[in-house]
Amino acid sequence: TKVNKNFENLVPNYLFADIAKKTNEFIKANPDKKLIRLGIGDVTLPLAPVVVEAMKKGCDELGVKETFKGYPDYEGYEFLRTAISDYYKSFGVNVSADEILVNDGAKSDAGNIGDIFAEDNVILVTDPVYPVYVDSNIMAGRKILYADGTEENNFCAMPDPDVKADIIYLCSPNNPTGACLNKEQLKAWVDYANANNSLIIYDAAYEAFITEDDIPRSIMEIEGARTCAIEMCSLSKTAGFTGTRCGYTIVPKALGKLNKMWLRRQTTKFNGVPYIVQRAAEAVFTEEGQKEIKENIGYYKENAKVISETLKRCNIWHVGGEHSPYIWLRCPNNMKSWEFFDYLLEKANVVGTPGSGFGPSGEGYFRLTAFGTYENTVEAVERIKKL
Ligand code: PLP
């Protein structure tokens, strides 16, 4: 049996496993210290009441012969795809229900979309980056180019006309940096992709954190995007679905056979999202659902503001934290990412995420997240301030 040799090119350890190991060792050696985790990438607030109600109602329906459902539709139930399509209309974007495919979270589609593309496509990722784009393409043996995020470009890397790539991954608001592409910047990427016959895979997992008109929630807001972009989105961070699992991918009909190919791939390797989850997701897009999830997002954004304001007062360079739950900072005193991780853990008993774990441009930077409790966030930043 021959294994996929490309796996040998992956970094051996998953970043968060290394963090957990170091953190657990610290807890063992210092059982009396109160550790605060500002590294978590998972939500902590519960599902909105209207979502829970919808899920319970869905359960009741499954317990009755007349309303029982078996395998769901591969592409998602019409009711949810229509609700998503109406949501896009609410900010002026026309996406038809048959361009939307429901999934069990954006990670699956971000990792699997490569199935419909040839092995010899050249990939471009902005660096630092959500590791799934890189790792899934390493597994497939594709060549990967990096567009470097730096302080000069505010961690919004822009296209270089001299670099030719077939598939480009963009994520805005970005994980890990929290940086957002404005309309002009995103238009530059769309123009580059159309000019080079490239495809953009646009990850909008954090779009619900955006509260400014100049920052697009969807790449489909940009003229020309429908002929060069696939968009992925998730209810995980938007509505607390990290454990419930639901997201969606938009493959515009203007991309020709890609829409049909992706459905063909899904019908072969995926059997749909549970009815009760799709009913819960539908509730997110109701007026009441939007109101309730915005309260939770507002809570995380307040935490982000607390972190960002403290860093400003300490004169620590950073981006993000405004339309995102992530804050990306330069490690003080030229420390390396892991050096600062150890320092913060030892001296302030605060856990964050070393930027170098997200790619070469992340070295010397550090990610803090706003998903903790308000009280813990305030206490953590007080400790950082003292340091
Ligand atoms: N895309 C980005 C940029 C993310 O940060 C995450 C999760 O952290 C995902 C996708 C995956 O989300 P999901 O829970 O929908 O799989």
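These notes cover the structure that comes with them. (Residues numbered from 1 in each chain as written. Predicted model: local features only at pLDDT ≥ 70, side-chain atom pairs only at ≥ 80, totals over all residues. Heavy atoms only, no water.)

Let's shift gears to the sheet that holds strand 12 (residues 353–354). Two orientations exist for strands paired in a sheet by backbone hydrogen bonds: parallel and antiparallel. Strand order in this open sheet of four strands is 9-10-13-12, and the pairing throughout is antiparallel. What marks the edges here is a single partner per strand, and that holds for strand 9 (318–320) and strand 12. Bridge count for strand 9 against strand 10 (residues 326–330) is three bridges, and the pairing is antiparallel. Residue pairing for strand 10: Val319 is matched across the bridge by Trp328. (Pairing = 2+ DSSP bridges. Helix = DSSP H or I, 4+ residues; strand = E, 2+ residues; numbered from the N terminus.)

On to the site of the ligand. With respect to spatial proximity, 14 residues lie near the ligand, and among them Ala106, Asp203, Tyr206, Ser234 and Ser236 are the closest. In the model, an oxygen atom of the ligand is placed 2.9 Å from a nitrogen or oxygen of the Lys107 main chain. Within the side chain of Tyr206, an N or O atom sits 2.6 Å from an oxygen atom of the ligand. Coverage of the ligand by the protein amounts to 91% of the 400 Å² it exposes when considered alone. Elements supplying a minimum of two residues to the shell around the ligand: helix 4 (106–112) and helix 7 (236–239). Among the residues making up the shell around the ligand, the classes are represented as six nonpolar, four polar and four charged. (Near = heavy atom within 4 Å. Polar contact = N/O pair within 3.5 Å; in protein donor to acceptor, adjacent residues only side chain to side chain. Areas by Shrake-Rupley, 256 points an atom, 1.4 Å probe, with all protein chains shown as cover. Nonpolar A, V, L, I, M, F, W, Y, C, P; charged D, E, K, R; others polar.)

Applying the stated rule across the entire model yields 19 salt bridges. Between Lys34 and Glu379 there is a salt bridge; the shortest N-O distance is 2.8 Å. Highlighted residues: Lys34 in the loop between helix 1 (15–29) and strand 1 (36–37) and Glu379 in helix 12 (residues 374–386), separated in sequence by 345 residues. By relative accessible area, Glu379 is classed as partly exposed at 30%. Between Asp86 and Lys89 there is a salt bridge, and its shortest N-O distance comes to 3.5 Å. Linking Asp86 with Lys89, this pair stays in helix 3 (residues 78–90), spanning three residues, or about one helical turn. Judged by its relative accessible area of 40%, Asp86 falls in the partly exposed class. (Salt bridge = Lys/Arg side-chain N within 4 Å of Asp/Glu carboxyl O. Buried < 20%, exposed > 50% of the residue type's maximum accessible area, 1.4 Å probe, protein only.)

Here the focus is the packing of helix 2 (residues 49–62) against helix 9 (residues 275–284). Close contact between helix 2 and helix 9 brings their axes to 8 Å; oriented N to C, the two are set at 145 degrees. Judged by the sense of rotation from one axis to the other, the crossing of helix 2 with helix 9 is right-handed. Between helix 2, through Val50, Val51, Ala54, Met55, Gly58, Cys59, Glu61 and Leu62, and helix 9, the contact on the second element is made entirely by Tyr275, Ile276, Arg279, Ala280, Ala283 and Val284. The residue makeup of the contact of helix 2 with helix 9, split by class, is eleven nonpolar, one polar and two charged. (Axes fitted to C-alpha atoms, helices over the stretch in contact; angles between N-to-C directions. Left-handed = near helix turned anticlockwise from the far one by under 90°. Contact = heavy atoms within 4.5 Å.)

Of all hydrophobic cores here, the largest spans 90 residues; its most connected members are Ile200 and Phe241. Here this core gets seven residues from one element, more than from any other, and that element is helix 9. Among residues more than four places away in sequence, those in contact with Ile200 are Ile168, Leu170, Trp189, Val190, Ala193, Ile219, Cys228, Ala229 and Ile230. Formed by 26 residues, the second largest nonpolar core is a distinct cluster that contains Tyr130, Ile201, Ile230 and Val251. (Core = buried A, V, L, I, M, F, W, Y, C linked by side-chain atoms within 4.5 Å.)

Let us look at the side chain of Arg81. For Arg81, the location among the structural elements is in helix 3. With near-sequence residues (within four places) excluded, Arg81 lies in contact with Glu75, Gly76, Ala97, Asp98, Ile100 and Val102.

Next up on the list: unusual backbone geometry. Pro128 follows Asp127 through a cis peptide bond whose omega is 0 degrees. Inspection of the secondary structure assignment puts Pro128 in the loop between strand 3 (122–127) and helix 5 (131–139). A cis amide bond links Ser172 to the next residue, Pro173, at an omega of -10 degrees. Mapped onto the fold, Pro173 is located in the loop between strand 5 (167–171) and helix 6 (183–196). Even without glycine at this site, Phe155 takes up a positive phi of about 60 degrees. Inspection of the secondary structure puts Phe155 in the loop between strand 4 (143–148) and strand 5. Phi is positive for Asn333, which is not a glycine, with a value near 55 degrees. On the secondary structure map, Asn333 appears in the loop between strand 10 and helix 11 (337–348).

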